[in-house]
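Descriptive structure summary
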Amino acid sequence: MRVRPNLRDIKQRVRANGAVDLSTLANIATAFTVLTAVVFGLIEMRRARKEREERAAFVAVQAILTPAWMDSMTLVQAISDGTTPSEIETDPRLFKAVQSIACILESLGYAVFARMVPLNVVDECLGGTVRVAWRKLRAYVEYERERAGSQKNWEWFQWLAE
């Protein structure tokens with residue numbers, strides 16, 4: 001007489017032979033799926049952040065590099081070392097250029113500080129220009145701060161340059 005093995009005996013034999021049951025395979029597949037989704041999500045987040053930074057940098061540089069910026073920056077770069085604040089204020093065209101450049105670079109400095117535009121992008125695109133502008137306008141900025149009684153005038157411009 002032959003005895004029919006029950007399901008319990010079959011499971012024990014399968015486990016004893018090193019075979020993996022269906023629930024273990026399902027758990028492994030689920031873990032692999034979740035891991036793949038997490039890795040994909042992280043890769044997409046990095047790509048999206050890089051794309052956003054590039055877009056912000058492009059918009060910032062495009063907004064700055066206007067004909068008015070070019071004209072103003074040409075005047076500011078031509079300022080002789082040792083030019084006094086009163087000499088800047090007596091030339092209306094130069095005064096307007098100085099105010100324009102200082103305000104634009106103040107805004108850009110804050111945008112970098114607030115992480116709207118990456119510092120490395122501004123440094124690569126405009127770093128030399130910013131430092132030259134600060135060197136030429138430092139005495140004027142200090143004069144304006146003293147006259148206004150506030151050290152906050154053009155502080156983001158200075159921060160960006162330094």
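Source: prediction; values computed, not measured. (Residues numbered from 1 in each chain as written. Predicted model: local features only at pLDDT ≥ 70, side-chain atom pairs only at ≥ 80, totals over all residues. Heavy atoms only, no water.)

What follows is about the packing of aromatic side chains. All told, the structure shown has nine aromatic pairs when counted by the stated rule. Centre to centre, the rings of Tyr 110 and Phe 113 are 6.4 Å apart; their planes meet at 40°, and the pair counts as tilted. Of this pair, Tyr 110 and Phe 113 are both found in helix α5 (residues 92-113), three residues apart, which corresponds to roughly one turn of the helix. Assessed through its relative accessible area of 41%, Tyr 110 is described here as partly exposed. Owing to a relative accessible area of 44%, Phe 113 belongs among the partly exposed residues under this scheme. When the centroid spacing of 5.8 Å and the interplanar angle of 80° are considered together, the rings of Trp 156 and Trp 159 count as edge-to-face. Residue Trp 156 and its partner Trp 159 are located together in helix α7 (residues 155-161), separated by three residues, close to a single helical turn. (Phe/Tyr/Trp six-rings, centres within 6.5 Å; stacked < 30°, edge-to-face > 60°. Helix = DSSP H or I, 4+ residues; strand = E, 2+ residues; numbered from the N terminus. Buried < 20%, exposed > 50% of the residue type's maximum accessible area, 1.4 Å probe, protein only.)

Moving on to the side chain of Glu 144. Summarising the element assignment, Glu 144 is placed in helix α6 (residues 119-148). With relative accessibility at 12%, the residue Glu 144 sits in the buried group. Beyond its immediate sequence surroundings of up to four residues, Glu 144 is in contact with Glu 89, Asn 153 and Trp 154. (Contact = heavy atoms within 4.5 Å.)

For the rest of this paragraph, the subject is the environment of Cys 125. Structurally, Cys 125 can be placed in helix α6. Under the relative-accessibility criterion, Cys 125 is labelled partly exposed at 45%. Distance from Cys 125 to Ala 57, taken between C-alpha atoms, is 9.2 Å for residues 68 residues apart in sequence.

This part takes up the layout of surface pockets. Its volume calculated, the largest pocket comes out at about 190 Å³. What lines the largest pocket is Arg 52, Glu 53, Ala 56, Val 112, Phe 113, Arg 115, Met 116, Val 117, Pro 118, Leu 119 and Trp 159. Those elements that provide at least two residues to the lining of the largest pocket are α2 (22-64) and α5. Per element, the largest residue contribution to the lining of the largest pocket is three residues, and it comes from α2. Residues belonging to the lining of the largest pocket are distributed by class as follows: eight nonpolar, no polar and three charged. (1 Å grid on protein atoms, 1.4 Å probe; cavity = no way out; pocket = protein on both sides within 12 Å on 5 of 7 lines; lining within 4 Å. Points joined across faces, edges and corners; volume = space filled by probe spheres on them. Nonpolar A, V, L, I, M, F, W, Y, C, P; charged D, E, K, R; others polar.)

Glancing now at the pattern of salt bridges. Proximity of charged atoms lets side chains of opposite charge pair with each other. Applying the stated criterion across every chain, the model contains eight salt bridges. When the shortest N-O distance is used, the salt bridge between Glu 89 and Arg 147 registers 3.0 Å. Residue Glu 89 is found in helix α4 (residues 85-90), and its partner Arg 147 is found in helix α6; the two are separated by 58 residues along the sequence. Residue classification places Arg 147 among the partly exposed residues on the basis of a relative accessible area of 49%. Across the pair Arg 131 and Asp 123 runs a salt bridge whose closest N-O atoms are separated by 3.0 Å. For Asp 123, a relative accessible area of 39% gives the class partly exposed. (Salt bridge = Lys/Arg side-chain N within 4 Å of Asp/Glu carboxyl O.)

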